[in-house]
Amino acid sequence: MRGRDGGQKKHLVPSLCIGFLCLIVLVLYYGSFGTQGQHANSAIEYGTKFSRTIGWSSVDNSELGKSDESIFSQEGDDGLLPKSFPVCDDRHSELIPCLDRNLIYQTRLKLDLSLMEHYERHCPQPEKRYNCLIPPPTSYKVPIKWPQSRDEVWQVNIPHTHLAHEKSDQNWMVVKGDKIVFPGGGTHFHYGADKYISHIANMLNFSNNILNDEGRLRTVLDVGCGVASFGGYLLSSDIIAMSLAPNDVHQNQIQFALERGIPAYLGVLGTKRLPYPSRSFEFAHCSRCRIDWLQRDGILLLELDRLLRPGGYFAYSSPEAYAQDEEDLRIWKHMSALVERMCWKIAAKKNQTVIWVKPLTNDCYMKRAPGTQPPLCKSNNDPDAVWGVPMEACISPYSEQIQRDGGSGLAPWPARLTTPPPRLADFGISTDMFEKDMEIWHQRVDSYWSLLGSKIMPNTLRNVMDMKANLGSFAAALKEVPVWVMNVVPEDGPNTLKIIYDRGLIGTTHDWCEAFSTYPRTYDFLHAWTVFSDIEKKGCSAEDLLLEMDRILRPTGFVIFRDKKPIIAFIKKYLPALHWESVATADAEANSDLEDKEGILVIQKKLWLIDEGTKDSA
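Description of the structure in this document. This is a predicted model, so every value here is computed, not measured.

## So, the sheet that holds strand β9 (residues 345-350)
Next, step 1: Pairing in this open sheet of seven strands is mixed, and the strands run β6-β5-β4-β7-β8-β10-β9 from one edge to the other. The two strands at the open ends of the sheet, each matched to only one other strand, are β6 (264-266) and β9. Taken pair by pair, the neighbouring strands of this sheet meet at an average axis angle of 20 degrees, ignoring direction.
Next, step 2: Both strand β4 (residues 219-223) and strand β7 (residues 281-287) contribute to a ladder of four bridges, which runs parallel. Within the sheet, the bridge partner assigned to L221 lies in β7 and is A284.
Next, step 3: Contacts from helix α5 (residues 193-203) reach β7, β8 (308-317), β9 and β10 (353-357), with the element oriented near 130 degrees to β9.

## Remarks on the side chain of S237
Next, step 1: By the element assignment, S237 lies in the loop between α6 (229-234) and β5 (240-245).
Next, step 2: When near neighbours in sequence (up to four residues on either side) are disregarded, S237 contacts I210 and N212.

## Description of the environment of T219
Next, step 1: One can find T219 in strand β4.
Next, step 2: In this structure, T219 is in contact with I240, S280, F281, E282, F283, R309, Y501, G504, L505 and I506, ignoring residues within four places of it in sequence.
Next, step 3: Looking at T219, its side chain comes within polar contact range of the main-chain oxygen of S280, at 2.8 Å.

## A short note on the state of the cysteines
Each disulfide consists of a covalent bond between the sulfur atoms of two cysteine residues.
Next, step 1: Taken as a whole and judged by the stated rule, the model has six disulfides.
Next, step 2: Paired by a disulfide, C88 and C132 hold their sulfur atoms 2.0 Å apart. Since a negative S-S torsion denotes a left-handed disulfide, the C88-C132 link at about 95 degrees is right-handed. Of this pair, C88 sits in the loop between α2 (49-53) and α3 (101-107) while C132 is found in the loop between α3 and β1 (152-154), placing the two residues 44 residues apart along the sequence. The same class applies to C88 as to C132, namely buried.
Next, step 3: Between the sulfur atoms of C513 and its disulfide partner C540 the distance amounts to 1.8 Å. Between C513 and C540 the disulfide shows an S-S torsion of about 85 degrees. By sign, it is right-handed. Highlighted residues: C513 in the loop between β13 (506-510) and β14 (523-529) and C540 in the loop between α15 (531-538) and α16 (542-552), separated in sequence by 27 residues.

Basis of the calculations
- Residues numbered from 1 in each chain as written.
- Predicted model: local features only at pLDDT ≥ 70, side-chain atom pairs only at ≥ 80, totals over all residues.
- Heavy atoms only, no water.
- Pairing = 2+ DSSP bridges.
- Helix = DSSP H or I, 4+ residues; strand = E, 2+ residues; numbered from the N terminus.
- Axes fitted to C-alpha atoms, helices over the stretch in contact; angles between N-to-C directions.
- Contact = heavy atoms within 4.5 Å.
- Polar contact = N/O pair within 3.5 Å; in protein donor to acceptor, adjacent residues only side chain to side chain.
- Disulfide = S-S within 2.5 Å.
- Buried < 20%, exposed > 50% of the residue type's maximum accessible area, 1.4 Å probe, protein only.

Right, dumping it as structure tokens:
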């Protein structure tokens, strides 16, 4: 027996070794590349091997910032840099890492579906993030240019036609040959957004039936926007809308909006505040948006109230505003009572649309009977704190400045863009500092365009993102260029997003240690000013951010990095792996102390297709 045991042991050891090696091969093949894994793994993002190897990416935030030496200045680590990144499975061609329903399923998050928590952001842990390039769809084409793109896009770029069939009677979109065409209709405006917009302006007695009210109405929030035709048709009136919708059963609606070149963002009125500061919009719009405004003591309507400026409007086109059946009458009765307690008044009501207007000052709030619901928010409730902050069922009162001025005190558009807004005082920024900031960024944008040279034509760019927007002067310098800019303000810095909105621009709050709430291939141009310096301080992964920027960027799109020179050198090493090519490099202006050690790198993303592997096709 002992002899046979010994023989079995001799055979067992090599068998175990072989089995272990086979297991490793299977894990590497199915895990790292994700091309043959089960569909249950679609939400898993594969770990950032490089960042963990050098000990920078940290899962435990308490350990952040403990490294004394910047990874960007480390020498001799080139062997750790990837020669190429694997290509993600083509199932991931539309992956939105923090809005992936498969992630919710895999991690078994306990969410309240009735509160729309499953449509809110839920990001994968750092060790579970992907480490691969998101592929474009087969036969992907460079998007149609603006303004033609407002009305048609390539079907191969968003190969989803279910909305065309589901909304065929509402003129959302129509499939025509190799294109998807947008007639401008919507659930409540079958005959065109342009006529509907004129109708709303007429209801409010605005001059010439133009909704911008001679520049006084500039920023709009369109809730449940569909494919954003309402926002798209507002642009010709010098109105810019933040078109908002969740990644729901109409999951490609925001993708279509951005492919069209219309400002849009993935978000939902759920349990968290929307990522915009208080008093950001002159006008909010809901056309058959299917939102229960009465739930939780009117908390969703109170979120709109937080976002509306003094004297702001809410246009509501829905059966509750006109239908006569018992249920719609009940909803209308309770909703009318709620907005009356919120001090809103009916500005106009006609046909199937009602428009409420918000008060200009706190006077009405002060006259309410004691105990009236909803209450005023407590004094320690910051109405501008938004990143991951739960909504509250309370009214955000106005500041002393608004009470004194009897309104927001903003200039009409376009003067608003260059007029110092009153809320600059919140940051101790003087008029001279504001004007100097505009001057600096005008010079910088001029230099950027010189570096881009013949690479761009007047209609090359449409969707632009400023990843660290500060006061919004980069976007302001692009006023005469046919682009729109998503101005992103870091969640842990000064909350200057309210200055950006007060200038008549739009944007959002974000943490660049996480993925952005957008589809892949949705921006033509990214501007990254000291963004990598900031995430280094937080201990987040530079490689993860590069992969995220690649996910967001359209093929043939551009990135301008403006950062410390060691960071620029670090990024250059990644260009081959990302299929990016260097367009230009330069030193930042020498006459500024702040720019003493900064460099500029301009890159362009190549077009490659998944059926060709990682072979460049353009």
